[in-house]
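What follows is each chain in one-letter form.
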Number of protein chains: 2
Amino acid sequence: MTPSRSEEKPRGRGRPRAFDREAALAEATRLFWTKGYEATSIADLTEAMKIGSPSLYAAFGSKEALYAEALDYYRRHYDALVWTNFTSADTAREAVRALLMDSAAALTGAVVEVPCGGCMVTLSTVGSEGHAELGELVHSARSASIGRVKVRLERAVAEGEIPGTTDIHALTRYIQTVQNGMSLLARDGVSCGELRKVAEVAMLSWDAYMGSPAEPVPELT
Amino acid sequence: MTPSRSEEKPRGRGRPRAFDREAALAEATRLFWTKGYEATSIADLTEAMKIGSPSLYAAFGSKEALYAEALDYYRRHYDALVWTNFTSADTAREAVRALLMDSAAALTGAVVEVPCGGCMVTLSTVGSEGHAELGELVHSARSASIGRVKVRLERAVAEGEIPGTTDIHALTRYIQTVQNGMSLLARDGVSCGELRKVAEVAMLSWDAYMGSPAEPVPELT
DNA sequence: GAATTTATATAACGATCGATGCAGAAATCT
DNA sequence: AGATTTCTGCATCGATCGTTATATAAATTC
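Only a predicted model underlies this, so the values are computations on that prediction, with no experimental measurement involved. (Residues numbered from 1 in each chain as written. Chains lettered and ligands numbered in written order. Predicted model: local features only at pLDDT ≥ 70, side-chain atom pairs only at ≥ 80, totals over all residues. Heavy atoms only, no water.)

When its secondary structure is counted, chain A shows eight helices and zero strands. Listing the helices and strands of chain A from first to last along the sequence gives α-α-α-α-α-α-α-α. Seen along its three principal axes, the alpha-carbon backbone of chain A occupies a region of about 65 × 45 × 30 Å. Sorting the 221 residues of chain A into buried and exposed places 48% on the buried side. For chain A, the share of sequence-separated contacts (at least 6 apart) that also reach a separation of at least 24 residues comes to 67%. Counting 24 positive and 29 negative side-chain charges, chain A places the averaged centre of each group 7 Å from the other. (Helix = DSSP H or I, 4+ residues; strand = E, 2+ residues; numbered from the N terminus. Buried < 20%, exposed > 50% of the residue type's maximum accessible area, 1.4 Å probe, protein only. Contact = heavy atoms within 4.5 Å. Lys, Arg positive; Asp, Glu negative; His and termini not counted. Charge placed at Lys NZ, Arg CZ, Asp CG, Glu CD.)

Encoded structure:
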């Protein structure tokens, strides 16, 4: 096996780069996240990353490759905000509730600062803009999200938490719809509190569908 | 007053234009709708509209002005698909249900053909792309939509259909969230049938919130 | 008919697009 | 040390961006 410790900084031969690659990538992510792929120019990027264009191309290859890395940076730094409590929840209901509540917070920047409201993956339009390869990337990222929810619901059926007659696919699509819709609202500046109320209302469908109002109708304070 | 009948075709003096302005506008709308503002170039437009660039600028003024007209064209031709049954419904519940169901159909092109899934206004990112003026335009269009729902809910309170303690703002945001989320799913190719199921599940929250399961839990067939 | 007005076709404008060639600078390797 | 490798700054590449000047064509008005 390759020596696993300290994969970075084998300290290559030539002149070392003068900028922090990860910090530059963070800036690129911020720009792509905010303005989208097409509206972000190389000039925008080099200015924000404070490097020359040859350095950008040497370090990242191309604008498309940089966008792909920015998507990965986004995933590495922001996915946990939304999926940690989902994963550790004891029941599917609590997992879904946590997903929506944590989304409300994460998408509005209530927990860690964000360059703009909404999810970079959800709101990406790079696929429609004529970049099929990047479009596939964001599409598969979205599929992974809905897949996580679906797996959790299937587990809930297997564990007897929810009835076997549950239309898991429809319910998963519903949850995805609510989360996606919250991204658009967050992009328009809607607050975390409002989105939490939305999540609260959305969960009423869960309880109604399962026929078990596990809690009284909330006050939406 | 000016002679109101036949506002178009006063048959001006000079050489008449050789193309159908409305048809050309339809093509422009299709392109902006599909690819977005930044990713659509003047060359794309002149090719699809089958006119030269001077004709485009003579007829529409600029790319930004053309986008604004495309938004208006979109509104004139597609708004009714979603709001007609909403307006004529007897109850707020049926109005909201019709809005979501008709959205499921309209956004997927199940009723009239569409160039791509999703709402042109909802999914527009022109505001984030650095065009503040157009951003205001789509923002106000979104506000008008949520305003319609809110007014209908307030009327429902006044008429006694729903309790006065209803958090109308939260409920309106929830409906907007679901409709917005459906646009994103439609853009990803999700079918009308799936979106109708989502609408069905979403309506469960309404009944649960109002405490009146007016209908039994649906089968989601 | 001639004069006027508007639209089209061709060509091109300056600016910016994404992407590089090149020379010098800064590191490692022998 | 010298040779090699890699990164940076400057300049620039051809292509495309949104937009327009110019000349010609097609209509109306007189």
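Here the focus is the environment of Leu45(A). Residues and elements named next belong to chain A. Mapped onto the elements of the fold, Leu45 is located in helix 2 (residues 42–49). Taking the relative accessible area as the measure of exposure, Leu45 reaches 0% and is therefore buried. Between the C-alpha atom of Leu45 and that of Ala170, which follows or precedes it by 125 residues, the distance is 41 Å. Leu45 has contacts with Ala28, Leu31, Phe32, Thr40, Lys50, Leu56 and Leu66, leaving out every residue within four places of it along the chain.

What follows deals with the relation of the copies chain A and chain B. Between the two copies, chain A and chain B, the superposition gives an RMSD of 0.1 Å; the rotation angle is 180° and the shift along the axis is 0.0 Å. Expressed as a symmetry operation, the mapping of one chain copy onto the other fits a two-fold axis. The fraction of interface residues of chain A whose copies in chain B are also interface residues reaches 100%, indicating that both copies meet through the same surface. (Least-squares fit on C-alpha atoms with pLDDT ≥ 70 in both.)

The next thing to look at is the protein's contact with DNA strand D. Around DNA strand D, the structure places 23 residues, and the nearest of them are Ala18(A), Arg13(B), Ile42(B), Tyr57(B) and Lys63(B). Counting only atoms of DNA strand D within 4 Å of the protein, the fraction found in sugar and phosphate groups is 73%. For DNA strand D, a sugar or linking oxygen lies 3.1 Å from a polar atom in the backbone of Arg15(A). The leading source of residues in the surface near DNA strand D is helix 3 (residues 53–60) of chain B, at three residues. Per-class residue counts for the surface near DNA strand D are nine nonpolar, eight polar and six charged. (Near = heavy atom within 4 Å. Polar contact = N/O pair within 3.5 Å; in protein donor to acceptor, adjacent residues only side chain to side chain. Nonpolar A, V, L, I, M, F, W, Y, C, P; charged D, E, K, R; others polar.)

Turning next to the protein's contact with DNA strand C. Close to DNA strand C lie 23 residues, the nearest being Arg13(A), Ile42(A), Tyr57(A), Lys63(A) and Arg15(B). Counting only the atoms of DNA strand C that lie within 4 Å of the protein, the sugar and phosphate share comes to 71%. Between Thr40(A) and DNA strand C, the recorded distance is 3.4 Å, taken from a backbone N or O atom to a phosphate oxygen. Broken down by secondary-structure element, the contributors of at least two residues to the surface near DNA strand C are helix 2 and helix 3 (53–60) of chain A together with helix 3 of chain B. Classifying every residue of the surface near DNA strand C gives nine nonpolar, eight polar and six charged.

We now examine the side chain of Ser103(B). Residue and element names in this part refer to chain B. With respect to the element layout, Ser103 can be found in helix 5 (residues 92–107). With a relative accessible area of 1%, Ser103 lands in the buried category. Every residue in contact with Ser103, bar those within four places of it in the chain, is listed here: Val82, Ala98, Gln179 and Met182.

Let's shift gears to the packing of helix 8 (residues 192–210) of chain A against helix 7 (residues 168–187) of chain B. Running from amino to carboxyl end, helix 8 of chain A crosses helix 7 of chain B at an angle of 75°, the nearest separation of the two axes being 9 Å. The orientation of helix 8 of chain A relative to helix 7 of chain B falls into the category roughly perpendicular. Residues Glu194(A), Lys197(A), Val198(A), Val201(A), Ala202(A) and Ser205(A) of helix 8 of chain A pack against His169(B), Ala170(B), Leu171(B), Arg173(B), Tyr174(B) and Thr177(B) of helix 7 of chain B. Considering only residue class, the contact of helix 8 of chain A with helix 7 of chain B consists of six nonpolar, three polar and three charged. (Axes fitted to C-alpha atoms, helices over the stretch in contact; angles between N-to-C directions. Parallel < 35°, antiparallel > 145°, perpendicular 65-115°, else oblique.)

This brings us to the interface of chain A and chain B. Contact with chain A, which involves 39 residues of that partner, is made by 39 residues of chain B. When the buried surface of chain A facing chain B is broken down by residue, Thr177(A), Leu184(A) and Asp188(A) rank first, second and third, together holding 15% of it. Run the count over chain A and chain B and you get six salt bridges. For Asp188(B), the salt bridge goes to Arg142(A), with nearest N and O atoms at 2.7 Å. For the pair chain A and chain B, the number of links is twelve residue pairs in polar contact (both at pLDDT 80 or more). Counting residues per element, the side of chain A that touches chain B draws most heavily on helix 7 (residues 168–187) of chain A, which supplies 14 residues. When the residues that make up the side of chain A that touches chain B are grouped by side-chain class, the tally is 18 nonpolar, eleven polar and ten charged. (Buried area = accessible area lost by both parts, 1.4 Å probe. Salt bridge = Lys/Arg side-chain N within 4 Å of Asp/Glu carboxyl O.)

Moving on, we come to the packing of aromatic side chains. Using the criterion set out here, one finds 14 aromatic pairs over all chains in the structure. Centroid distance Phe32(B) to Tyr37(B): 5.8 Å. Interplanar angle 15°. Geometry classified as stacked. The exposure class assigned to Tyr37(B) is buried, which follows from its relative accessible area of 4%. Judged by centre distance (4.9 Å) and plane angle (80°), the ring pair of Phe32(B) and Tyr67(B) falls under edge-to-face. Residue Phe32(B) is found in helix 1 (residues 21–35), and its partner Tyr67(B) is found in helix 4 (residues 63–88); the two are separated by 35 residues along the sequence. You'll find Phe32(B) and Tyr67(B) in the same group, each marked buried. Pairwise contacts between aromatic rings join Phe32(A), Tyr37(A) and Tyr67(A) into one cluster. Directly above the ring of Tyr37(A) sits Lys63(A), whose terminal nitrogen or CZ lies 4.4 Å from the centroid. (Phe/Tyr/Trp six-rings, centres within 6.5 Å; stacked < 30°, edge-to-face > 60°. Lys NZ or Arg CZ within 6 Å of the ring centre and 35° of its normal.)

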